[in-house]
Amino acid sequence: YIIFTDLDNTLLDKEYSYREAKEVLRELKEVKIPIIFCSAKTRREQEKIREEMGIYHPFIVEDGSAIYIPRGYFKETKGQPINDYEVIILGTKLENIIKEIQNLQKKGYKIIGYQDMTPEEIAQVTGLSIHEAKLAKDREFSETIIEYDNRGLEKLKRKFNVEIGGRFIHVFGKGADKGKAIKILTRFYKEEHEKIKTIGLGDSYTDKPLLKAVDTPILVKGYNGKWAELDVKNLYHAKGAGPKGWAEAIKKFVLKGGIK
Ligand code: 2M8
Ligand code: MG
Ligand code: MG
């Protein structure tokens with residue numbers, strides 16, 4: 001198995017902790033099963049989480065806008081070499097999005113995103129620490145919108161993908177797609193290992209393409225006690241919310257009934 005997972009409210013709980021999945025993560029590392037983050041979070045946010053968890057597999061950032069592959073991870077070079085990574089970009093640059101937002105702001109539409117806010121303000125609305133808020137503000141391919149009017153959003157939709165994330169509105173390039181990024185990575189793994197099966201875990205509407213792109217799709221419960229309503233074939237509904245449901249499903253499908 002390889003595991004594709006969303007982060008916020010899936011592997012991380014509403015306080016951004018993965019405590020409830022820690023044991024299962026340890027076990028997965030022991031059996032060397034790749035865990036691939038696929039999230040709205042930025043490269044820098046995910047790098048911090050990778051360090052904390054000790055996970056060094058490829059990862060998908062900003063709602064499928066780019067795939068970061070550690071250099072030399074696959075036998076062949078897969079993307080554009082940038083620093084320690086080979087990078088495949090599906091989305092658009094942040095500056096293109098900001099240009100359009102500023103253009104609409106000048107015309108009187110209300111659109112307020114992270115780039116209009118200080119790290120302190122971002123920390124306030126998200127519950128991230130100020131350091132984490134800086135990492136979230138340091139975006140490359142998408143903007144997170146906190147306040148808006150619907151007419152402004154409609155205008156933005158003409159040029160970009162505009163979706164409701166966990167709590168906020170995410171604006172990213174039309175070419176970006178969590179599902180497409182997963183399919184590309186799955187192909188790379190299959191070039192090297194014939195019998196790869198994929199499992200995907202998510203909590204919200206933006207995870208639909210992620211869940212559709214894997215063999216075994218898992219939906220964890222939200223913190224409102226409910227599952228998001230998603231039309232995905234063979235969707236397994238984990239009983240727990242966030243990392244609790246994550247651990248439960250991984251034990252059932254990947255570790256086959258328990259941990260050592
Ligand atoms: C934003 O993403 C979340 C999860 O989808 C949301 O919209 O609720 C992004 O800005 C992400 O980069 C950030 O870490 C997160 C913080 O809650 O908010
Ligand atoms: Mg989520
Ligand atoms: Mg997410």
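Below or above, wherever it landed, is the structure these notes cover. (Residues numbered from 1 in each chain as written. Chains lettered and ligands numbered in written order. Predicted model: local features only at pLDDT ≥ 70, side-chain atom pairs only at ≥ 80, totals over all residues. Heavy atoms only, no water.)

### With respect to the pairing of strand β9 (residues 161-164)
Here is step 1: Here β9 runs beside strand β10 (residues 169-172); their pairing, made up of 4 bridges, is antiparallel. Among the inter-strand pairings, Asn161 is bridged to a residue of β10, identified as Phe172.
Here is step 2: Counted along the chain from β9 to the antiparallel partner β10, the turn is 4 residues long. (Pairing = 2+ DSSP bridges. Helix = DSSP H or I, 4+ residues; strand = E, 2+ residues; numbered from the N terminus.)

### Here we look at the packing of helix α4 (residues 119-126) against helix α5 (residues 130-137)
Here is step 1: Direction vectors running N to C along α4 and α5 enclose 105 degrees, while the axes themselves pass 8 Å from each other. Relative to α5, the element α4 is oriented roughly perpendicular. Within the contact between the two elements, α4 uses Pro119, Glu120, Ile122 and Ala123 and α5 uses Ile130, Ala133, Lys134 and Lys137.
Here is step 2: Partitioned by chemical class, the residues of the contact of α4 with α5 number 5 nonpolar, no polar and 3 charged. (Axes fitted to C-alpha atoms, helices over the stretch in contact; angles between N-to-C directions. Parallel < 35°, antiparallel > 145°, perpendicular 65-115°, else oblique. Contact = heavy atoms within 4.5 Å. Nonpolar A, V, L, I, M, F, W, Y, C, P; charged D, E, K, R; others polar.)

### A word on the sheet that holds strand β3 (residues 59-61)
Here is step 1: Spatial strand order, β3-β4-β6-β5: 4 strands in an open sheet with antiparallel pairing. A strand with exactly one partner marks an edge of an open sheet, and here the two such strands are β3 and β5 (80-82). Pairwise comparison of adjacent strand axes, ignoring direction, gives a mean angle of 35 degrees for this sheet.
Here is step 2: Where helix α2 (residues 43-53) meets the sheet, it contacts β3, β4 (66-70) and β6 (85-89), and its direction lies at approximately 145 degrees from that of β3.
Here is step 3: Here helix α7 (residues 178-192) sits on the sheet in contact with β3, β4 and β6, set at roughly 30 degrees to β4.

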